[in-house]
Amino acid sequence: PADTESSDKCLICFERVPFGENTFIRVCCGKTTCTQCAGKWAGNCEFCRAPKPLSQADAIRQLMRLEGSERAEVQYSLGVCYHLGEGVPCDMGEAARLYGLAAAQGCNRSQCNLAGCYYDGTGVTQNRAEAVRMYTLSAARGNCVAQMCLGNCYKEGGGVELDLVEAARWYGLA
């Protein structure tokens, strides 16, 4: 559901932690905790008892096993791996696909990254109107990068009519 992200809680301390803001994903089982509790993870996972990955490559291999879990956090994280070529070959088409899956679940960071793909035409057919729509969804949920990019769209007339007042409004929010 679209509101899942805003109601996530750390499974250890039970504090509200929206995904992407100080969250840590256990790559072994896909459970999400706040970064403060994650810093205490020294040995085996508190949830599934799997050992902590010894390397980034190990962590990415474990994360890849969770790809079919349909969890926005996993899809977003794998999208970033494909986007940056971390542990997997750089593949913007796959990154955009994964961002799209997570964005459909309301992940604002995925919405912002997917908007960037649409704006530049990387991994997807360039569609600046769709980029503006995705930036707007993400910006409305407080993503300051999306707010800045939306300001740029209005400043440059990319996907929307040039509107310096609206650009200034989005820059101000960012």
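Treat the numbers as computed from the prediction; the structure is a model and nothing was measured.

Colleague: Quick question: what am I supposed to make of the packing of helix α6 (residues 108–120) against helix α7 (residues 128–140) here?
Modeller: The axes of two packed helices give the description: the angle between them and the distance between them. α7 packs onto α6 with a crossing angle of 160 degrees between their chain directions and a minimal axis gap of 8 Å. Taken together, α6 and α7 sit at an angle that is classed as roughly antiparallel. In terms of crossing hand, the pair formed by α6 and α7 is left-handed. For the pair α6 and α7, contact is made by Asn108, Gln111, Cys112, Leu114, Ala115, Gly116, Tyr118 and Tyr119 and by Arg128, Glu130, Ala131, Met134, Tyr135, Leu137 and Ser138, respectively. The residue inventory of the contact of α6 with α7, partitioned by class, reads nine nonpolar, four polar and two charged.

Colleague: Even after reading the chapter, I still don't get the nonpolar core, so can you show me in this structure?
Modeller: Generally speaking, nonpolar side chains in soluble globular proteins are found buried as a group. Within the largest apolar cluster, 37 residues are counted, with the highest numbers of intra-cluster contacts made by Tyr99, Leu114, Tyr135, Leu150, Cys153 and Tyr154. Breaking this core down by element, the ones donating at least two residues are α3 (56–65), α4 (72–84), α5 (92–104), α6, α7, α8 (144–156) and α9 (164–173). The element best represented in this core is α5, accounting for seven residues. Excluding its chain neighbours within four sequence positions, the residues that come into contact with Leu150 are Val132, Tyr135, Thr136, Ala139 and Trp170.

Colleague: Quick question: what am I supposed to make of the pattern of salt bridges here?
Modeller: Close approach of charged atoms allows side chains with opposite charge to pair. What the rule picks out here adds up to five salt bridges. Among the salt bridges present, the one from Arg71 reaches Glu73, with a minimum N-O distance of 3.4 Å. With a shortest N-O distance of 2.8 Å, Glu130 and Arg133 are connected by a salt bridge. Taken together, the residues Glu130 and Arg133, both in helix α7 and three residues apart, mark about one turn of the helix.

Colleague: Looking at this structure, how should I read the environment of Ala59?
Modeller: Along the chain, Ala59 falls in helix α3. Along the primary structure Ala59 and Arg26 are separated by 33 residues, whereas in three dimensions their C-alpha atoms are 8.9 Å apart. Non-local contacts of Ala59, meaning those with residues more than four positions away in its chain, are made with Val27 and Pro53.

Colleague: Could you clarify how one ought to interpret the packing of α7 against α8 in this entry?
Modeller: Closest axis-to-axis distance for the α7/α8 pair is 8 Å, and the angle between their directions is 140 degrees. Looking at the two axes, α7 sits oblique to α8. Crossing of α7 against α8: the hand is left-handed. Side by side, α7 and α8 meet where Val132, Tyr135, Thr136, Ser138 and Ala139 of the first sit next to Ala146, Gln147, Cys149, Leu150 and Cys153 of the second. Among the residues forming the contact of α7 with α8, the class breakdown is seven nonpolar, three polar and no charged.

Colleague: Help me understand α7 in this model?
Modeller: For an α-helix, 3.6 residues make a turn, and residues three or four places apart therefore share a direction. Taking 1.5 Å of rise per residue, the 13 residues of α7 would be expected to cover 18 Å, and the 18 Å separating its terminal C-alpha atoms lies within 8% of that figure. Inspection of α7 places Glu130, Ala131, Val132, Met134, Tyr135, Ser138 and Ala139 among the buried residues, and these make up the whole buried set. Packed against the buried residues of α7 are α5, α6, α8 and α9. Regarding α7, its N-cap is Asn127, as a side-chain oxygen of that residue lies 3.3 Å from the backbone nitrogen of Ala129 further along.

Colleague: Any chance you could explain the packing of aromatic side chains here in plain terms?
Modeller: Ring pairs (aromatic) are described by centroid distance and by the angle formed between their planes. Scanning all chains against the criterion turns up one aromatic pair. For the ring pair Tyr76 and Tyr99, a centre distance of 6.2 Å and an interplane angle of 35 degrees mean the geometry is tilted. Taken together, the positions of Tyr76 in helix α4 and Tyr99 in helix α5 put the pair 23 residues apart, joining distant regions of the chain. For Tyr76, a relative accessible area of 10% translates into the label buried. Here the guanidinium or amino end of Arg128 rests over the ring plane of Tyr119, the centre of that ring lying 4.0 Å away. Here the basic side chain of Arg169 rests over the ring of Trp170, its NZ or CZ set 4.6 Å away from the ring centre.

The rules behind these values
Throughout, residues of each chain are indexed from 1 in the direction in which the sequence is written. Only residues with pLDDT of at least 70 get local features here, since the model is predicted, and only at 80 or more are side-chain atom pairs given and counted; chain-wide, interface and lining totals rely on the full set of residues. As a convention, hydrogens and water are excluded, and side-chain values are obtained from all of the structure's heavy atoms. A fitted line through C-alpha atoms represents every axis, and for helices the fit uses only the stretch in contact; the resulting angles, taken between N-to-C directions, go from 0 to 180 degrees. Numbered from the N terminus, helices here are DSSP runs of H or I no shorter than four residues, and strands are runs of E no shorter than two. By the definition adopted for this analysis, an angle is roughly parallel if under 35 degrees, roughly antiparallel if over 145, roughly perpendicular if from 65 to 115, and oblique otherwise. With the far helix as reference, a near helix turned anticlockwise by less than a right angle produces a left-handed crossing, and one turned clockwise produces a right-handed crossing. Contacts are assigned to residue pairs with any non-hydrogen atoms lying within 4.5 Å of each other. Basically, the charged four are Asp, Glu, Lys and Arg, the nonpolar ten are Ala, Val, Leu, Ile, Met, Phe, Trp, Tyr, Cys and Pro, and anything else, Gly included, counts as polar. To form a nonpolar core, buried Ala, Val, Leu, Ile, Met, Phe, Trp, Tyr and Cys residues must be joined to one another through side-chain atoms within 4.5 Å. Classification of residues uses two cut-offs on accessible area relative to the type maximum, computed with a 1.4 Å probe and protein chains only: under 20% is buried, over 50% is exposed, and between them is partly exposed. The term salt bridge refers to a side-chain nitrogen of Lys or Arg lying within 4 Å of a carboxyl oxygen of Asp or Glu. One fewer than the residue count of a helix, multiplied by 1.5 Å, yields its expected span. Side-chain atoms alone can form a polar contact between residues adjacent in sequence; in general such a contact is a pair of N or O atoms within 3.5 Å, and within protein one must be able to donate a hydrogen while the other accepts it. Pairs were defined over the aromatic rings of Phe, Tyr and Trp, the Trp ring being its six-membered one, requiring ring centres within 6.5 Å. Orientation was assigned from the angle between planes: stacked under 30 degrees, edge-to-face over 60, tilted for the rest. Note on criteria: charge over ring means Lys NZ or Arg CZ within 6 Å of the ring centre, with the direction from the centre no more than 35 degrees off the ring normal.

It is worth stressing that arrangement in space is one thing and function is another; only the former is reported here.
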